[in-house]
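Structure at a glance
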Amino acid sequence: MSDKLTHSDIEDIMALVEGSSFDQLSLEMGDLKLSLRRSGAGAPVQGSPRPTVATPVPTAPMVTSEQSATAPAASPAQGLTDVPSQMLGTFYHASKPGADPFVSVGTVISPDTVIGIIEVMKLMTSVEAGVSGIVAEITAPDGELVEHGQVLIRVRQD
Amino acid sequence: MPAIKRILIANRGEIAVRVIRTCRALGIETVLAVSEADRDGLGARLATRSVCIGPSRSTDSYLKVGTIIEAALGTQCDAIHPGYGFLSENQALAAACDENDIIFIGPDAVQIEAVGDKLTARQHAIDAKVPLVPGGNVSTPQQAAALASEIGFPLLIKAVSGGGGRGMKRVDRVEGIESMYDLAVSEATAAFGDGRVYMERLVTVGRHVEVQILSDGKTILHVGERDCSVQRRYQKVVEEAPAPCLPTKMRDDILEAALRFSRHIGYRSLGTVEFLVDCERDEFYFLEMNARIQVEHPVTEAISGMDLVAAQIAIAEGQPLTLTQSDIQLKGHSFECRVNAEDISADFRPSPGQVGDVWFPSATGLRVDTHIQSGAMISPHYDSMIAKVITWGETRDIALQRMRDILSICVLDGVKTNIPLHRVILDDDDFIKGGVDTNYLGQLLEKVPANTMTGIGG
């Protein structure tokens, strides 16, 4: 390979990883970093394993996490998808005290399913799941502060 | 008011670390509000805990009043320390703290308004008999000519709706003042839709001298003055205390004027009153009051032995000042160099990125306020100041020599910094002599082009 990775180089590498017994590969060439991870590594394999490719922008290393922090992301340990909070505020499981929670473990959800409410200075914002699947875990307690980026629920995606 | 037990720090960088240091000493817990970019910073590690308030961009995190209040309530903080910059002089935050029974560590919303609005502050200065740059409103060419002879030349004709250097005309002599006035009015009308203008004396050779104020609302004290004349494009680069080569009478008059202004507005907190010293006329004029802890507060701490953040917290708790003016004894001399991650050879462009090794020696009379450690990431989202190096000495020469020594051996690599510029300043005869004016750094950079400055961090 030359010192520039081409698309076909990456496909070759992905094929090598898929055929190997490794779950993860990190490669650094000059100022390019490539990391491959088998999705659901460490968990029972569901369907076909698809390595995720992340190629950070070489010149501006600190901007890479910007979009990803509040986007639903695979949490590899359990093969579940984390749904993080888009903002800091108080997280509520139900529309009012005593009402049924929006979702519970086992609820089937779609991306526009409301999973809770976040209050910031008396302003209520409903939180949508952003992914579809089955609620596997509710990680943020009712009525407590959640940080920006904190995981609210975990979802087993279809 | 009850003693503060837990403070939310609504800031970042070195000032967050600085506030945490005092809170630890006072046994106060800290919650640091961090953006995504600062999650792994030194402040987050030193605070009792941190909460992520939003994305890196400060408009989405550090500048959100509601989020800051919510973070303080959700973590059971009794007070918010706003640091400097960001929301430190934001009336809405001070008012929201009040509504939510949170102590705002600063003056109240009314006082923030009194000093934050330039026209209001000017009126207060007039009422308090604090000198202002001579000038006034004019509405006819004849008035302009009459006022001009009072003010003297050079002077500026400024558009009331202008600002930031726009809508200004310089006038050097009385001949033709009427036509200059007419021209200024028509330009102001065309540019701002508002033809009102005023005239002001132009200070061509001035020094920036500011007074540290400490007040519980009843007892109003000063902690001496600082000289911040070494500036580049209105950004302070080197500060020192006390102001060198200032005649005793003028120093006393400036300190007294700062006390008078603070007393007039009933100021209660830590604050700074800024003045412009007119070197050619031996006069000084009120510029503004800053209702916050200042970046350059350590030079005052160095010569007074006081912890200004502790004093600020005590006042916010409602404790009366137990000091009198004669208890505040200023000793020796102190300098602060602001180390910025910037490429001085490329027009001082910010130079963010990952720092390599960072090392400052341990030395007598040295203090380094920084949030940067080896391998730290300097985010492009915030200002480029990465460290403040502060030295103290029994005399100005000793403090200056200590600063030279430290900046020649410290290590800060991986990013470009302005340390080479500091070293040129510290070796420059005019600076060594003391008492330079605000034109100084610009002139030095013409004499010694920045791209010829080399050395550590260059």
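Residues numbered from 1 in each chain as written. Chains lettered and ligands numbered in written order. Predicted model: local features only at pLDDT ≥ 70, side-chain atom pairs only at ≥ 80, totals over all residues.

Next up on the list: the overall build of chain B. When helices and strands are tallied, chain B shows 15 helices and 23 strands. The C-alpha radius of gyration of chain B comes to 23 Å, within 12% of the 23 Å expected for a compact globule of 458 residues. With the C-alpha coordinates of chain B rotated into their principal frame, the extents come out at 65 × 55 × 45 Å. Of all intrachain contacts in chain B linking residues separated by at least 6 positions in sequence, the fraction that spans at least 24 positions is 66%. (Helix = DSSP H or I, 4+ residues; strand = E, 2+ residues; numbered from the N terminus. Rg over C-alpha atoms; globule rule 2.2 N^0.38 Å. Contact = placed C-beta atoms within 7 Å.)

Here we take up the interface of chain B and chain A. Counting from both sides, the interface comprises 20 residues of chain B and, opposite them, 15 residues of chain A. Counting residues per element, the side of chain B that touches chain A draws most heavily on helix α3 (residues 65-74) of chain B, which supplies six residues. Its residues assigned to classes, the side of chain B that touches chain A comprises 10 nonpolar, eight polar and two charged. (Nonpolar A, V, L, I, M, F, W, Y, C, P; charged D, E, K, R; others polar.)

Turning to the packing of helix α5 (residues 109-116) of chain B against helix α6 (residues 118-127) of chain B, a few remarks are in order. All names here are of chain B. It is the contact of α5 with α6, at a shortest axis distance of 5 Å, that shows an interaxial angle of 90°. Between α5 and α6, the interaxial angle falls into the category roughly perpendicular. Side by side, α5 and α6 meet where Glu113, Ala114 and Val115 of the first sit next to Thr120, Ala121 and His124 of the second. Across the contact of α5 with α6, the residue classes tally to three nonpolar, two polar and one charged. (Axes fitted to C-alpha atoms, helices over the stretch in contact; angles between N-to-C directions. Parallel < 35°, antiparallel > 145°, perpendicular 65-115°, else oblique.)

With that settled, consider the pairing of strand β12 (residues 235-241) of chain B. Residues and elements named next belong to chain B. Among the seven residues in β12, six count as buried, and that is most of the element. Pairing between strand β11 (residues 220-232) and β12: four bridges, direction antiparallel. By the bridge assignment, Arg232 is partnered in β12 with Gln235. Hairpin connection of β11 to β12: two residues between the antiparallel strands, including Arg233 at a positive phi of 50°. (Buried ≥ 20, exposed ≤ 12 C-beta atoms within 10 Å, placed from the backbone. Pairing = 2+ DSSP bridges.)

The subject of this paragraph is the sheet that holds strand β10 (residues 206-216) of chain B. Residue and element names in this part refer to chain B. In space, the eight strands of this open sheet follow the order β14-β13-β10-β11-β12-β15-β22-β20, with antiparallel pairing throughout. Two strands lie at the open edges of the sheet, namely β14 (283-290) and β20 (366-370), each paired on one side alone. If you compare each strand with its neighbour and ignore which way they point, the axes differ by 25° on average. Sheet analysis places β12 next to strand β15 (residues 333-340), joined by four bridges and oriented antiparallel. Bridge pairing links Glu239 to Glu336 in β15.

To continue, consider the confidence of the model for chain A. Mean pLDDT for chain A: 75, with 57% of residues reaching 70 or above. Taken together, the stretch residues 40-67 of chain A has pLDDT below 50 and engages in 48 contacts with residues farther than four places along the chain or on a different chain. (pLDDT = per-residue confidence, 0-100.)

Turning to the nonpolar core, a few remarks are in order. All names here are of chain B. In this structure, Leu8, Ile9, Ala33, Ile68 and Ile80 are the most contacted members of the largest nonpolar core, which totals 102 residues. Here this core spans two domains, since at least three of its residues come from each of domain 1 (6-105) and domain 3 (206-452). If sequence neighbours within four positions are ignored, Ile68 has contacts with Ala10, Ala33, Ile53, Ile80, Leu87 and Leu93. Judged by nonpolar contacts, the second largest core, of 36 residues, contains Val299, Ala302, Leu400 and Leu421. (Core = buried A, V, L, I, M, F, W, Y, C linked by C-beta atoms within 7 Å. Domains from an automatic or database assignment.)

A word on the sheet that holds strand β2 (residues 29-35) of chain B. Residues and elements named next belong to chain B. The strand order β3-β2-β1-β4-β5 describes an open sheet built from five strands, whose pairing is parallel. For this open sheet the edge positions go to β3 (49-54) and β5 (103-104), each flanked by a neighbour on one side alone. Where β2 meets β3, five bridges bridge the pair, whose relative direction is parallel. Residue pairing for β3: Val31 is matched across the bridge by Arg49. Where α3 meets the sheet, it contacts β1 (6-9), β2, β3 and β4 (79-81), and its direction lies at approximately 150° from that of β3.

Moving on: the packing of helix α7 (residues 141-151) of chain B against helix α8 (residues 177-192) of chain B. All names here are of chain B. Remark: α7 packs on α8, axes separated minimally by 8 Å, with the N-to-C direction vectors making an angle of 120°. Classified by the angle their axes make, α7 and α8 are oblique. Judged by the twist between their axes, the crossing of α7 over α8 is right-handed. Each of Pro141, Ala144, Ala145 and Ala148 in α7 lies in contact with α8, whose residues at this interface are Ile177, Glu178, Tyr181 and Asp182. Each residue belonging to the contact of α7 with α8 can be placed in one class, and the counts come to six nonpolar, no polar and two charged. (Left-handed = near helix turned anticlockwise from the far one by under 90°.)

Looking now at the domain arrangement of chain B. Assigned domains within chain B: domain 1 (6-105), domain 2 (134-201) and domain 3 (206-452). Taking the mean C-alpha position of each, domain 1 of chain B and domain 2 of chain B sit 44 Å from one another.

Residue and element names in this part refer to chain B. Among the structural elements, Leu132 can be located in the loop between α6 and β6 (135-138). Placed 57 residues apart in sequence, Leu132 and Thr75 show a C-alpha to C-alpha distance of 45 Å. With residues up to four places along the chain from it excluded, the contact list for Leu132 reads Arg122, Ala125, Ile126, Tyr285 and Phe286.

Turning our eyes to something else, we now look at α3 of chain B. All names here are of chain B. Of all 10 residues in α3, seven are buried; the element is thus mostly enclosed. Of the positions making up α3, those classed as buried are Thr67, Ile68, Ile69, Glu70, Ala71, Ala72 and Gly74. A positive phi of about 55° marks Gln76, the residue just after α3.

Residue and element names in this part refer to chain B. Between Phe153 and the following residue, Pro154, the backbone shows a cis peptide bond with an omega angle of -5°. Looking at the secondary structure, you find Pro154 in the loop between α7 and β7 (155-163). In this structure, the amide linkage connecting Ala241 to the following residue, Pro242, adopts the cis form with an omega of -5°. Locating Pro242 in the fold gives a position in the loop between β12 and α9 (248-264). At Arg233, a residue that is not glycine, the phi angle is positive and equals roughly 50°. One non-glycine residue with positive phi stands out, namely Tyr234, at about 65°. Within the secondary structure, Tyr234 is located in the loop between β11 and β12. A tally of 8 C-beta atoms within 10 Å means that Tyr234 is categorised as exposed.

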